[in-house]
Every structure is written in C-alpha cells, then in structure tokens.
Amino acid sequence: MEDVIIIGGGVCGCSLLYELSRYKIKTLLLEKENDVADGTSKANSAIVHAGYDPAPGAKMARYNVEGNSLIGQLCADLDIMYKKTGSLVVGFDEVDRKSIEKLYVKGNKNGVPGLRIIEGEELFTMEPALSRDIICALYAPTAGVIAPWEFAIAQAECAVKGGAKIEFNAEVAGIKKENEYFVVNTKKGEFTARFVVNAAGVNSDIVSEMADEKFFTIQPKRGEYYILDTTEAHLVNMIVFPCPSKLGKGVLVAPTIHGNIIVGPDSTDCPRESTGSTADGLEYVAKNALRCVPSVNLRASIRNFSGIRADAGLEDFIVGESKGTPGFFNIAGIKSPGLTASAAIAKDVSGMLLDKGLDSTPNPDFVAKRKVTRFKYLSDEEKREAIKRNPLYGAIVCRCETVTEGEIVDALNRVLPPRSLDAVKRRCATGMGRCQGGFCGPRVLDLIAKYANISQMDIPQDREGMYIITGKTKGKRAGL
Ligand SMILES: Cc1cc2nc3c(=O)[nH]c(=O)nc-3n(C[C@H](O)[C@H](O)[C@H](O)COP(=O)(O)OP(=O)(O)OC[C@H]3O[C@@H](n4cnc5c(N)ncnc54)[C@H](O)[C@@H]3O)c2cc1C
C-alpha cells in the first residue's frame, strides 16, 4: 500500500512527486501515457508569468507569485533551461491604458516586484520591434521563459532516484474508497493508497467524479502556435503580450529558451486532447501577433502546435481536499499560469498531506539536484574536455540543434529512459530545429532500439500506437 497516489504526470503531478520525495513517504504516480509531461505541460507558451493577471486574493495569484519566486532556484538545482527575460503588456489606446493601469494595481496587490508602466523612447529602446502605434506598456521584470517539459521531467527523475515510483501506460479508470484507503483501478491492475491526488489535467473532472460528487466540469480550450526558426531570434528580447481579454492573455510574441520565437495562442473550445492546428486558429494568431510586432516573419515558421487548457470555468484553480471524500485531493482546472504556479501548488498540497498525518521524517535518499550535459552550450574548452571524457560527445546526431550521441545515450541511461522519439526530443532537443527530425529521426530511433533492446517497430513518435516503422519495404518486395 502506498501513502499517496498521484494521478497524472504533468508538471503539477511531477512537482508534487518531487516535493513529497523530501519525506519518508511512499508515493506512486500513475500516468496514462508512456512519459511524463506528455499532456498540456509539453504544449504551452512556456512563460514564467510575473503574476499581475490573477485576481488578488485568489489562490491562483498566490501560487503564481510564489511559483515565480521559487523557479530560479529550482531550475539551478535541477539544471533546467530558464531565463528571466521580463515581459511587456502593450496598449494601443486610452482603453488599453486603463486596463494596463488595472493590471499594475492588481500586480502590486499580488506582490509582483518591480512593475512599471513605461512609454515613449524608453519602451522602444527596450523593444525596438514593437509597433509604433503602441502608446504604453506594463513592464514586469520577473517574467521569464523556461523549457516546460524539462521542468516536469527533472523533478520526476529526482523523485524516482529518491525512491518514488511511476507507472506509465496506467490510465486510471476507477477509484473506490474502502474503509481508510483508496483502491485505484488501472489497465495495469489495482493500486491502493491512504491518499489520492488528482492532477489529471484536462481529465481532472472525469477523475474527480470517480471519487467524489460532480462539482466542476472541464471545458477544454485549445491554443495554437507558430514556432519560428532561430534565424528570427533577434526579433524580441522580452515576452510581448497585448492587453488581456475574456479569451485570456492574448497572442504573445516571445523568445523561447531554445533560441526560437514563439507566436500564439488563440483560445477556442475543443474536444479533449484535440491537439491539431487549424487554418482559422493560425490566421487569428498571425493577425494579432502582427499588430503588436509588425516585423514577425511567419514564413520562418518551422512548426505549428497546439495545447489544451483545462478550463473549469472558474477564476481560480481547484486545489485542496475534497469536502465529500476526505483523503482525496484535487489539483484541478489548472489552466495558465499553472506551469509557473506548479512548484508553489506542490508545496501547499504536500503541506496539506503532512497535516493529515503523513510521516514528515526527512527522506535520507532525497535527491534535490541533477546535472545534464548540453554540448551546444559548452565553451570550446569544455567541449574538448567532454569529448575526451566520452567520445560520444564528439558525434553530432541532430545537426540543427547540435545534439550529440553522448547526450542521447545519457538520457537513455537515466532513471526515466525515453521510449519514443518525442521523449528523446523533450530531454535532448533532437528534432527541434529547422528539419524537425527529418535527418536525425532515424538515428535516434536506432539509438533507442539499441539501448532499450527493442525493435524499431516498437518505438512510437510519441504516444503508444503512433508507430513510425511498420515493416521492411524492400523485404516485402523481394518476398522476404
Ligand atoms: C495554450 C496554453 C498556454 C499556456 N501557457 C502557459 C504559460 O505560458 N505559463 C504558465 O504558467 N502556464 C501556461 N499554461 C498552463 C500550463 O501549461 C498548465 O497549467 C500546466 O501544464 C498544467 O499541468 P497539469 O500537470 O495540471 O496538467 P497536464 O500537463 O495536462 O498533465 C496531466 C496528466 O494527467 C494524465 N492523465 C489524464 N487522465 C489520466 C488518467 N485517467 N489516468 C492517468 N493519467 C491521466 C495526462 O496524460 C497528463 O500527463 C498554458 C496552457 C495552455 C493550454
């Protein structure tokens, strides 16, 4: 029997797994896919928000600002790519100026440090690519950009090294409370625990209803994006938002931590997990991005993608113990700024669980930190040293992103070894460049097969069933 079962291996589930691994607590995370960070946590704007958007007094506001302040140290400890770039919310007229002033007041109430309203010369010196129709902006120096999937993966890896467990391909289909413990039913069998935490993202309402009375419904909302080539990296230094509307924070233009430019998202109701892109959605994104930054070159797009918000129709997150089912906790309806807030949510929920009587003895095996090699970012001297240490760092596999065989083999040997092309991409950045894996894909497939000792035919692009190789064409022709 476990002390805690966490349902869902997004950034919220993984942050909680990491947080609980500080203590002598038996924790199991159940994830329906074959990797962590394979839901909304891999497909979002990747912004560490400053915290001026949420309503003062809401949990969302507290978690946002606290999460923002925790993220720098966490990223240093976990060796996650993160940069405090600052952000601008830009205004075109007096109506926008009023909403920027409101954001400024809200932000100060929420405790966001360093907010300023700027205009004129100062604004265009800070961000020369802005439209000259812009009259003012809210500057938030604590906003930043991060590799969101890495944030989840790193925390999960440390937690597992420290003794926590993860079951993949274990979709939760039912939850029963029997006396003092929960029985959680999955395709992989039954698991029992004293406490259950629902962190199932867009499915958090479905999972909640397995254990509790229905009290919220998720309306999934899709957001679509363009990713521009690194040739456009000079475009903006900061995250540029329009004024927020009923649809959310609006279409941003921002640098990514990997040196690309991200443009998006829109916001449209959609079925659960419907992550395609649409012509209408992308047209809306393009039109709105060009309004703020007229020189955005969408012809340099190397990828479109979309992510799904878990929108419970509320102005706040649903975090805490269920009233009807003691011992069952929700981290649900975690739309934006959930990525930013996740570490603060995890600390809070971990505190709630400890208050319910879990053992708060420190875990002597707790793994707080990890270190990974990113060859591309090493100095020439460090590169020479790395190749001397391990000649596989001298073999480039992904030429667009300069990813070496050594880094892929490192990832394949870590505690949560990737078993799909995209899982390697999320760990090493293979296939993230201009050719989108066209050249390195087969080589990565080969390496996964070799180190996992499986057939290439059993390796999906991402989720189970998305297989790339289905047979030998030449063999078939030759009748072999
Ligand atoms: C378009 C868009 C832009 C965003 N931009 C930002 C941003 O810039 N900054 C920011 O802070 N936030 C942003 N967010 C919000 C942020 O991405 C989310 O709040 C965060 O990723 C939610 O994490 P999660 O762990 O709750 O959910 P998820 O990452 O979706 O994880 C839930 C997990 O549960 C699993 N699961 C589902 N059902 C079951 C089941 N029955 N059994 C087992 N497992 C199950 C799923 O497979 C998934 O892995 C954005 C979101 C979107 C959609």
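Worth saying up front: this structure is predicted, and the values here are computed from it rather than measured.

### So, the pattern of salt bridges
If you walk through the whole model with that rule in mind, you get 38 salt bridges. The salt bridge involving aspartate 38 is made with arginine 426; its shortest N-O contact spans 3.3 Å. Of the two residues, aspartate 38 sits in the loop between β2 (27–30) and β3 (47–48) while arginine 426 sits in helix α11 (residues 421–428), which places them 388 residues apart along the sequence. For the residue pair aspartate 38 and arginine 426, the accessibility class agrees, reading buried in each case. Sharing partners across several salt bridges, the network here consists of Lys32, Glu33, Asp35, Asp38, Lys42, Arg426, Arg427, Asp462 and Arg463.

### A short note on the domain arrangement of the protein
Taken domain by domain, the protein consists of domain 1 (1–81 + 143–218 + 312–371), domain 2 (87–141 + 219–311) and domain 3 (375–476). Averaged C-alpha coordinates put domain 1 and domain 3 at centres separated by 29 Å. Each partner contributes residues to the interface: domain 1 has 21 residues there, and domain 3 has 13 residues. In total, about 1400 Å² of surface goes out of reach between domain 1 and domain 3, with carbon and sulfur atoms giving 52% of it. Remark: the boundary between domain 1 and domain 3 carries seven salt bridges. Here aspartate 462 makes a salt bridge to lysine 42, at a shortest N to O gap of 2.7 Å. Where domain 1 packs against domain 3, one counts nine residue pairs in polar contact (both at pLDDT 80 or more). Considering every element that reaches the side of domain 1 that touches domain 3, the biggest residue donor is helix α5 (residues 148–161), with seven residues. Here the side of domain 1 that touches domain 3 is composed, by residue class, of nine nonpolar, three polar and nine charged.

### Some words on helix α1 (residues 11–20)
With respect to burial, α1 is a largely interior element, 10 of its 10 residues being buried. Here α1 has its buried residues at Val11, Cys12, Gly13, Cys14, Ser15, Leu16, Leu17, Tyr18, Glu19 and Leu20.

### Here's the deal with the packing of α1 against helix α8 (residues 338–355)
Packed helices, taken two at a time, are described by the angle their axes make and the gap between the axes. For the pair α1 and α8, the least separation of the axes is 8 Å and the interaxial angle reads 45 degrees. Relative to α8, the element α1 is oriented oblique. Regarding α1 and α8, the two cross each other, and that crossing is right-handed. Of the residues in α8, those touching α1 at Val11, Cys12, Ser15, Leu16, Glu19 and Leu20 are Gly338, Leu339, Ser342, Ala343, Ala346, Lys347, Val349, Ser350 and Leu353. Tallied by class, the residues present in the contact of α1 with α8 amount to nine nonpolar, four polar and two charged.

### Overview of the pairing of strand β13 (residues 219–228)
The buried count for β13 comes to eight of 10 residues, which makes it a mostly enclosed element. Across 10 bridges, β13 lies against strand β18 (residues 301–311) in antiparallel orientation. The partner of glutamine 219 across the bridge, within β18, is aspartate 311. Here β13 pairs with strand β16 (residues 261–264) via three bridges, running antiparallel. Within the sheet, the bridge partner assigned to isoleucine 227 lies in β16 and is isoleucine 262.

Conventions adopted
- Residues numbered from 1 in each chain as written.
- Predicted model: local features only at pLDDT ≥ 70, side-chain atom pairs only at ≥ 80, totals over all residues.
- Heavy atoms only, no water.
- Salt bridge = Lys/Arg side-chain N within 4 Å of Asp/Glu carboxyl O.
- Helix = DSSP H or I, 4+ residues; strand = E, 2+ residues; numbered from the N terminus.
- Buried < 20%, exposed > 50% of the residue type's maximum accessible area, 1.4 Å probe, protein only.
- Domains from an automatic or database assignment.
- Contact = heavy atoms within 4.5 Å.
- Buried area = accessible area lost by both parts, 1.4 Å probe.
- Polar contact = N/O pair within 3.5 Å; in protein donor to acceptor, adjacent residues only side chain to side chain.
- Nonpolar A, V, L, I, M, F, W, Y, C, P; charged D, E, K, R; others polar.
- Axes fitted to C-alpha atoms, helices over the stretch in contact; angles between N-to-C directions.
- Parallel < 35°, antiparallel > 145°, perpendicular 65-115°, else oblique.
- Left-handed = near helix turned anticlockwise from the far one by under 90°.
- Pairing = 2+ DSSP bridges.

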